[in-house]
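Here are the chains, one letter per residue:
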Amino acid sequence: MDVHQESAIDDSKVNIPDEVQETISKVLSSDDPLDQCDFNSIDYINDIFPTEQSLTNIDDTLSKMKGKILSLDQEIRCVVRGQSDVESEGRAALEDVRRVISILTTNIGQMKEQAKKSEQMVGEITADIKQLDNAKRNLTSSITMLNNLHILVEGVDKLREASSKRNYGMAAGILQSVNDVLNQLDKHKHIPHIKQLACQIDEISDQLAEQIQADFKAALEVQTKTRQSSAISHNQLRLLAEACLVVSTMAKDGEKNVVKDQLLQWFIESELKEYKALFQDNQDLAWLDKIEKRFSWFKKHLVEFEERFGRMFPPKWEVSECIAVEFCKITADQLGRVMSNRANEMNVRLLLFAFSKTSSFESLLNQRFTGLTLVNEQSKNEGSLINPFTGLISQCFEPHLKIYVEAQEKNLSQLIEQFVDDFVKKKSVPANGNAEVLASAGVLFSQYKNCLVQCVQLSTGQPLVDLSFKFKKNLEDYAYKVLSNNLPRIKSSSGLSSSGVSVLNAAISAAGLQINLKEGEVSRYTRAEITQVCSILLTANYCLETVQQLEKKLREKVDKKFVEQINMNTEQDLFHRIILNSIDLLIQDIEAGCEYAFSLMIRTSWSTCGTPTDQSPYVKMIIENLQQLFPFIRDSLQDARKYFTQLCNRFAQVFIPKFIGYLFRCKPLKQEAAEQLLLDTHLLKKVLQDLPGWESTVKTAPANYVKEVVRGMTKAEMILKVVLVPHRDVGHYIESYMKLLPDSNVEEFQKILEMKGVRRPESNMLIDAYRIAPKTELQESNLFSPSSNDLESSKIKRLEKLIKRS
């Protein structure tokens, strides 16, 4: 085959998608090359005629091909004809379906009609049956009604007979039965006959109640006179026990048993009549010192009651508990009256004794009884469900607890006076020389704790609030009389002696300075006084934290309606002020230690100062003072580190402005003097940065403190650098000044000119130029580099090297 023929075959090739070909392969699996999707006609022909010799059979092959083509054509015709037959058959089937659906719809309609007819027929058949059911139900109800009426009629007669014969056992059963029947006939009580029977039952019940109460009174009056259990026979006890059963059945559902309550009230009053007489207000036994006799009487009487009548009353009546409750109410009422009448005889010892005995008795009742009779009664005690009797009697003491509160106030006041005396006698000063919380603070709050625990047992209402007010006043007394008044004031002590002054003058002369020092006085704390200040600071901090806990505990214990009255913010602020005052006193002492050095600083003849070689004597004095005091104070405040941090920050805020103020007083300054002061300032800056951690394993200083020191001392350095800038070139001087001190003002500008020793006319010109100079925001970074300051003096460069060496 030539190339053109091969190309034509490739162009006529049919491309079938892979999905279609895969589906065809699954439905019609075939090994015939002609059925393959990758069929290639050239390869197929080459397979049939692999050689030229095989072409001799080409006629036979063509004949087979034609036969196969004819066969395929025949199959295609059959498929086409079959497809047309299927369409005809489908139309015929569709028509059959439509016809069947129509028939089915007609049949369904007929079935519905038949169902309605069947339902009507069933209704007609069962109508008589329903009527019979209703008749049966009505008949049953009528029979039940007649039976209940029979029970009522018969019960009324039997109940009247049992009542007349005092057969209370039978009466209890009959009364329970007729009451049950009346409950069933509740909807029919409007029927005259039933209403009449119900009225008769009520009348008999009332008669029974009166009869039973009369029997109780008759039997118990005899027994009360003889006080012997044998006074009531066994038959009488049995009769009264059965009578109690009758009383129990007299309560209707959901209603209170009035008869039972009246009977118990009379019985309990009769049982406690003797108690009321023995302990009435005008009797000697009624006073608080004999309160135990009340409880002893009740214990004995309760035992006798249970021996005599324990089995007579039903257990559900809880008669013993009812007697105990009434006894508590009578006792509380009697004690309240007698305490009011004899208030002038009251004292704390007697009050606490009576309360203790009463509380013990209430605890005994809590163990003995369940408190079911008190469920519906209101109680002031939050734990009443657990301890139902707690407070039933002891609440009568609450109006008189002001005596207790006043006594506690007196005790606490005496305690404060004792603390003051101990300070005068030096008993409260730490003996070991170390700062620590004063022992008096622990004693004071321990006393508060005892008072609080005791008062909570007495009352959690207004008396506890009153006690908190006494705590507040006592805390103020402690803060002022014990802490604040014992903060040592700075006293005068000898300063440098004449020999010490001579030595210092020799050192100053060696430094090339000319200063005339005289013997003087310096006000300083002793180490013991510093320890005392730190101890008071630690004590105030302890009091501050403990007062917060005390307030929280009081608010937890007091009744909810009084919570808002518990507030100790004023006392917390007071202790906080003592802390701040202590810090200020320590700073004043540190400042006082620097006063002589500052005096030396401004009295130095700076005009004759030579080339700087070392730190000035005043700087050495300041550094020695700071390095001696700060480690001592830091160790003293190791239990309150946050306040040492406050002291450092406060000191930086006070000391640095003061140092700058003394710098302004050093005038006039020549070149060498300004260089010396700049060297001194830089050394002092480094010492101040390391001061909080001096001689300590913890070298890191508080971040805020370091920031304050760097900011303040950098300004001092900038002031001296401005002094070193020549002022002849006004524009250059103003530009340098504004770069070094961008936040300065005219007043400070004038002070620096005075330090430089500028004459008045020249000074006025410079001030005018500074006032009209444009103010710009400048960065203060790298202020020490000569390039940023634009200082070209060779002496400044030499000074910078000296500073780095030092």
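Now for a quick tour of the structure. For every chain, the first residue of its written sequence is number 1, and the numbers climb from 1 along that sequence. For this predicted model, a pLDDT threshold of at least 70 governs which residues receive local features, and a threshold of 80 or more governs which side-chain atom pairs are given and counted, while totals over whole chains, interfaces and linings are taken from all residues. Water and hydrogen atoms were dropped before computing side-chain values, which therefore reflect all heavy atoms in the structure.

**Looking at a nonpolar patch on the surface**
Patch members must show over 30% relative accessible area and no salt bridge, and they are joined within 9 Å when carrying like charges or within 5 Å when they are nonpolar side chains of Val, Leu, Ile, Met, Phe, Trp or Tyr. Surface exposure here means Shrake-Rupley accessible area, sampled with a 1.4 Å probe, where a residue is shielded only by the protein chains that are shown. Put simply, a salt bridge is a Lys or Arg side-chain nitrogen that is within 4 Å of an Asp or Glu carboxyl oxygen. Together, Leu55, Ile58 and Leu62 make up an exposed nonpolar region whose accessible area comes to about 250 Å². With respect to the element layout, Leu62 can be found in helix H4 (residues 58-164). Whether a residue is buried, partly exposed or exposed follows from its accessible area with a 1.4 Å probe, protein chains only, as a fraction of its type maximum: under 20%, in between, or over 50%, in that order. Since its relative accessible area comes to 45%, Leu62 is described here as partly exposed. In DSSP terms, a helix is any run of H or I states spanning at least four residues, a strand is any run of E spanning at least two, and both are numbered starting from the N terminus.

**Points about the environment of Val453**
Counting through the fold element by element, Val453 comes out in helix H14 (residues 439-458). Among the residues examined, Val453 registers a relative accessible area of 45% and is labelled partly exposed. Remark: the alpha-carbon pair of Val453 and Lys557, spanning 104 residues in sequence, is separated by 9.6 Å.

**Some details on the pattern of salt bridges**
Evaluation of the coordinates by the stated rule reveals 28 salt bridges. Between Arg308 and Glu271 there is a salt bridge, and its shortest N-O distance comes to 3.5 Å. Taken as a pair, Arg308 in helix H10 (residues 291-309) and Glu271 in helix H8 (residues 258-271) lie far apart in primary sequence, 37 residues in all. The salt bridge partner of Lys481 is Glu417, with a shortest N-O separation of 3.4 Å.

**What to know about the nonpolar core**
Among buried residues, those of type Ala, Val, Leu, Ile, Met, Phe, Trp, Tyr and Cys that are joined through side-chain atoms within 4.5 Å constitute a nonpolar core. Core analysis: the largest hydrophobic core is formed by 199 residues, its most contacted members being Phe313, Tyr478, Phe575 and Leu688. With 14 residues, the top contributor of residues to this core is helix H18 (residues 569-603). In what follows, residue pairs with any heavy atoms lying within 4.5 Å of each other are defined as contacts. Once you skip the residues sitting within four places of it in the chain, Tyr478 turns out to touch Ile416, Phe419, Leu438, Ser440, Ala441, Leu444, Leu483, Thr539, Cys543 and Phe575.

**Comments concerning unusual backbone geometry**
The amide bond that connects Lys667 to the next residue, Pro668, takes the cis arrangement and shows omega of -10°. When you line up the elements, Pro668 lands in the loop between helix H20 (641-664) and helix H21 (671-690).

**Concerning the packing of helix H19 (residues 617-636) against H21**
Comment: axis = line fitted to C-alpha atoms, over the contacting stretch for helices; angle = value between 0 and 180 degrees taken between N-to-C directions. Relative orientation of the contacting elements H19 and H21 amounts to 10°, with a least axis distance of 10 Å. Between H19 and H21, the interaxial angle falls into the category roughly parallel. Contact residues: H19 offers Tyr618, Val619, Ile622, Ile623, Leu626 and Gln627, while H21 offers Leu677, Asp680, Leu684, Val687 and Leu688. Of the residues in the contact of H19 with H21, the class split is 9 nonpolar, 1 polar and 1 charged. Roughly parallel refers to an angle under 35 degrees, roughly antiparallel to one over 145, roughly perpendicular to one between 65 and 115, and oblique to any angle outside these ranges. Ten residue types, Ala, Val, Leu, Ile, Met, Phe, Trp, Tyr, Cys and Pro, are classed as nonpolar, four, Asp, Glu, Lys and Arg, as charged, and the remainder, Gly among them, as polar.

**Overview of H18**
Here H18 contains 35 residues, and its C-alpha end-to-end distance of 50 Å stays within 8% of the 51 Å for a straight helix at 1.5 Å per residue. Here the bend at each residue means the angle between axes fitted to two seven-residue stretches, the one ending at that residue and the one beginning there. Of all bends in H18, the biggest is about 35°, found at Cys594. The span expected for a helix works out to 1.5 Å for each residue beyond the first.

**What to know about the side chain of Asn366**
With respect to the element layout, Asn366 can be found in helix H12 (residues 348-368). Here Asn366 is in contact with Asn387, Pro388, Phe389 and Thr390, once residues within four sequence places are set aside.

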